[in-house]
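This is what each chain is made of:
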Amino acid sequence: MARIVVTGGAGFLGSHLVDAIRARGDDVVVVDNLCTGSLDNIAQHDSDPGVEFVKRDVCDGIFLTGPVDAVLHLASPASPRDYLDLPIQTLKAGGLGTHNALGLARAKGAAFLIASTSEVYGDPQVHPQPETYWGHVNPVGPRGVYDEAKRFAEALTMAYRKVHGLNTQIIRIFNTYGPRMRLDDGRVLPAFLDAAECGLPLKVHGSGEQTRSFCYCEDTVRGILTVLEKADGNPVNVGAPGEMTILEFASLMKEVTGSDAPLEHVEAMVDDPQRREPDITRAKSLGWEPRVPLREGLERTLAWYRSYEGAGPGA
Ligand code: NAD
Ligand code: UDP
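Since we're looking at a predicted model, the values are computed, not measured.

Caption draft 1: Expanded view of the overall build of the protein. Across its full length, the protein carries nine helices and 13 strands. A globule of 315 residues ought to have a C-alpha radius of gyration of about 20 Å, and the protein, at 19 Å, matches this closely. Sequence separation of at least 24 residues holds for 80% of the intrachain contacts in the protein that already meet a minimum separation of 6. Total accessible area on the protein is roughly 13,400 Å²; 51% of this is exposed by carbon and sulfur atoms. Each charge sign in the protein was given a centre, from 31 positive and 42 negative side chains, and these centres are 5 Å apart.

Next comes the structure, spelled out in structure tokens:
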């Protein structure tokens, strides 16, 4: 049995990761300052002695007693709305927070994994994106606070690997969706799902011709654990190939929810990546690929939404 630290474990993805780690019998310590997460996401473990919660900003240092086998560093604002609202906190979480999480792993002789992102490719000029692509990021644009924080976090992780011989891994997560996304986090899935269910306009940024590829949370979590156990320290993309335009995604969301809500075109986001799709050759070589088809994942997310008491107009 292992003891695993999940920073950001009270967030959307982190909480699903906590569930998966507990399901296989390992203990978890969640370190989270709840700036974009919620204790509701891990309330299912309230009476579980195998899950410990530490309310802490990872930028202030992470000090834990007892052994730790792995540090999975997910703590960071993640949705564009959140990181545009919290630019300095985002840079600090990627910089100071990653430094502290690496320091914890080093002090404990633990493995380390950084949750990086497809945003390190910026608005990509290579398509689909393999891990060997260096990216096309505007460092001084609004998204630079997230993109550069993650790029710095990757560089720091590689430096700890080289200098301290730490067992490190880097996962580049592409758009992941599923139950427990905050309905006001501004990401396209909660925004469209909530609007479609409430009969409100689905607000499409710009033309809607920009693309994304969507991966169900259960697949991404399995990807995180696969990379932790099997990768060689080089970055690994985890995402679901199957690029679609945002307009196509809006139609699919209306179809799945049975909604006739209208679409409304609003101002495009600055520096919004125009195309995004993962090349998952490397992840496949580790034995990982997504299993949950988009439609099924959306139906599961819809079922969660319909049973969620926080849902409804204005949520
Ligand atoms: P989320 O906002 O739901 O979760 C982030 C969690 O980190 C929250 O619980 C938040 O309170 C916590 N946190 C933020 N800053 C912190 C700090 N300084 N100290 C302690 N806790 C802090 O977002 P998510 O979608 O679950 O993303 C989790 C991680 O995965 C992030 O690192 C994100 O960059 C990465 N990621 C996610 C996606 C995706 O599609 N969901 C894609 C790429 C990368
Ligand atoms: N988007 C949109 N309407 C929304 C939210 C997002 O058209 O209400 C677009 C957004 O501009 C982007 C895509 O959907 O092109 C995915 O956005 P999201 O915030 O989910 O993720 P990211 O931009 O980080 O991939």
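Caption draft 2: Up close: the sheet that holds strand β6 (residues 168-173). The sheet built from seven strands is open, its strands ordered β3-β2-β1-β4-β5-β6-β11 with parallel pairing. The open sheet has two edge strands with one neighbour each: β3 (51-55) and β11 (236-238). On average, adjacent strands in this sheet sit at an angle of 20 degrees to one another, irrespective of strand direction. Two elements, strand β1 (residues 3-7) and strand β2 (residues 27-32), share five bridges in a ladder whose sense is parallel. By the bridge assignment, R3 is partnered in β2 with D27. Packed onto the sheet, helix α4 (residues 144-164) meets β5 (111-117) and β6 and runs at close to 155 degrees relative to β5. Where helix α6 (residues 217-230) meets the sheet, its contacts fall on β4 (70-73), β5, β6 and β11, and the angle it forms with β6 comes to roughly 155 degrees.

Caption draft 3: Local environment of the site of ligand 1. Residues in close proximity to ligand 1 total 29 residues, the closest being L13, D32, T36, L74 and Y146. In this structure, N33 approaches ligand 1 through a main-chain N or O atom, which is 3.1 Å from a nitrogen atom. Here T36 contributes a side-chain N or O atom positioned 2.7 Å from an oxygen atom of ligand 1. Burial of ligand 1 by the protein amounts to 96% of the accessible area it has alone, namely 820 Å². Elements represented by at least two residues in the shell around ligand 1 include exactly α1 (12-23), β5 and α4. When residues of the shell around ligand 1 are assigned to their parent elements, the largest contribution, three residues, is made by β5.

Caption draft 4: Spotlight on the pairing of strand β8 (residues 202-205). Burial along β8 is one-sided: the face carrying L202 and V204 is buried and the face carrying K203 and H205 is not. Here β8 pairs with strand β13 (residues 263-266) via four bridges, running parallel. Counterpart to V204 in the pairing with β13 is H265.

Caption draft 5: Quick peek at the packing of helix α3 (residues 87-108) against α4. Interhelical geometry of α3 versus α4 gives an angle of 15 degrees and a closest axis separation of 8 Å. By the angle between their axes, α3 is roughly parallel relative to α4. For the crossing formed where α3 meets α4, the hand is right-handed. Between α3 and α4, the residues in contact are P87, T90, L91, G94, G95, T98, H99, L102, G103 and R106 and V145, Y146, A149, F152, A153, L156, T157, Y160 and H164, respectively.

Caption draft 6: Inspection of α3 at higher detail. Its 22 residues give α3 an end-to-end C-alpha distance of 31 Å, which sits within 8% of 32 Å, the value for a rise of 1.5 Å per residue. Where α3 bends most, the angle comes to about 35 degrees, and this point is A93. Looking at α3, one finds that the buried residues are T90, A93, G94, G95, G97, T98, A101, L102, L104 and A105. If you follow the buried residues of α3, they end up packed against β1, β4, α2 (80-85), β5, α4 and β6. Two residues or fewer past α3, G109 is found with a positive phi of approximately 65 degrees.

Caption draft 7: Structural context of α6. Here α6 contains 14 residues, and its C-alpha end-to-end distance of 20 Å stays within 8% of the 20 Å for a straight helix at 1.5 Å per residue. Most of α6 sits inside the fold, with eleven of its 14 residues counted as buried. Listed as buried for α6 are C217, D219, T220, V221, R222, G223, I224, L225, T226, V227 and L228.

Caption draft 8: Broad picture of the nonpolar core. Counting residues in each nonpolar core, the largest one holds 61 residues, and the members touching the most others are L17 and L72. Residues within four places of L17 in sequence aside, it is in contact with V6, L72, L74, V221, I224 and L225. Counting 21 residues, the second-largest nonpolar core is a separate cluster that includes V68, V71, A105 and I114.

Caption draft 9: Molecular detail of the pattern of salt bridges. Taken as a whole and assessed by the stated rule, the structure comprises 22 salt bridges. Here D27 ties to R22 by a salt bridge, and the two come within 3.1 Å at their closest N and O atoms. Overall, D27 belongs to the partly exposed group, its relative accessible area being 21%. Residues E148 and R151 are paired through a salt bridge, measuring 3.6 Å at the closest nitrogen-oxygen approach. Of this pair, E148 and R151 both sit in helix α4, separated by three residues, roughly a single helical turn. Residue classification places R151 among the partly exposed positions, given a relative accessible area of 30%. Several salt bridges share partner residues, and in doing so they unite E119, R143, R212, D272 and R276 into one network.

Thresholds applied
- Residue positions are given per chain, counting from 1 as you read along its sequence in written order.
- Chains carry letters from A onward and ligands carry numbers from 1 onward, assigned in written order.
- In keeping with the predicted nature of the model, local features appear solely for residues at pLDDT of at least 70, side-chain atom pairs appear and are counted solely at 80 or more, and the whole-chain, interface and lining totals rest on all residues.
- Heavy atoms from the whole structure form the basis of all side-chain values; hydrogens and water molecules are not counted.
- In DSSP terms, a helix is any run of H or I states spanning at least four residues, a strand is any run of E spanning at least two, and both are numbered starting from the N terminus.
- In this description the radius of gyration comes from C-alpha coordinates, and the expected globular size is given by 2.2 Å times residues to the power 0.38.
- A contact between two residues is defined here by any heavy atoms of the two lying within 4.5 Å.
- The method behind every accessible area is Shrake-Rupley, applied with a 1.4 Å probe, and residues are considered shielded solely by the protein chains displayed.
- The positive count covers Lys and Arg only, the negative count covers Asp and Glu only, and His and the chain ends enter neither.
- Lys charges are placed at NZ, Arg charges at CZ, Asp charges at CG and Glu charges at CD.
- Two strands pair under a simple rule: DSSP has to find at least two bridges between them.
- Only the stretch in contact is used when fitting a helix axis, every axis being a line fitted to C-alpha atoms; angles between N-to-C directions are given from 0 to 180 degrees.
- It suffices for a single heavy atom of a residue to lie within 4 Å of a molecule or strand for the residue to be listed as near it.
- Here a polar contact means two N or O atoms within 3.5 Å. Within protein one must be a hydrogen donor candidate and the other an acceptor candidate, and residues neighboring in sequence count only if both atoms are side-chain atoms.
- Whether a residue is buried, partly exposed or exposed follows from its accessible area with a 1.4 Å probe, protein chains only, as a fraction of its type maximum: under 20%, in between, or over 50%, in that order.
- If an angle is under 35 degrees, it is roughly parallel; if it is over 145, roughly antiparallel; if it lies from 65 to 115, roughly perpendicular; otherwise it is oblique.
- By convention, the crossing between two helices is left-handed when the near helix turns anticlockwise from the far helix through less than a right angle, and right-handed when the turn is clockwise.
- Expected span of a helix: the number of residues minus one, times 1.5 Å.
- Two axes enter the bend calculation: one fitted to the seven residues ending at the residue in question, the other to the seven starting there, and the bend is the angle between them.
- By convention a nonpolar core is built from buried Ala, Val, Leu, Ile, Met, Phe, Trp, Tyr and Cys residues, the set being connected through side-chain atoms within 4.5 Å.
- Salt bridge, as used here: a side-chain nitrogen of Lys or Arg that lies within 4 Å of a carboxyl oxygen of Asp or Glu.

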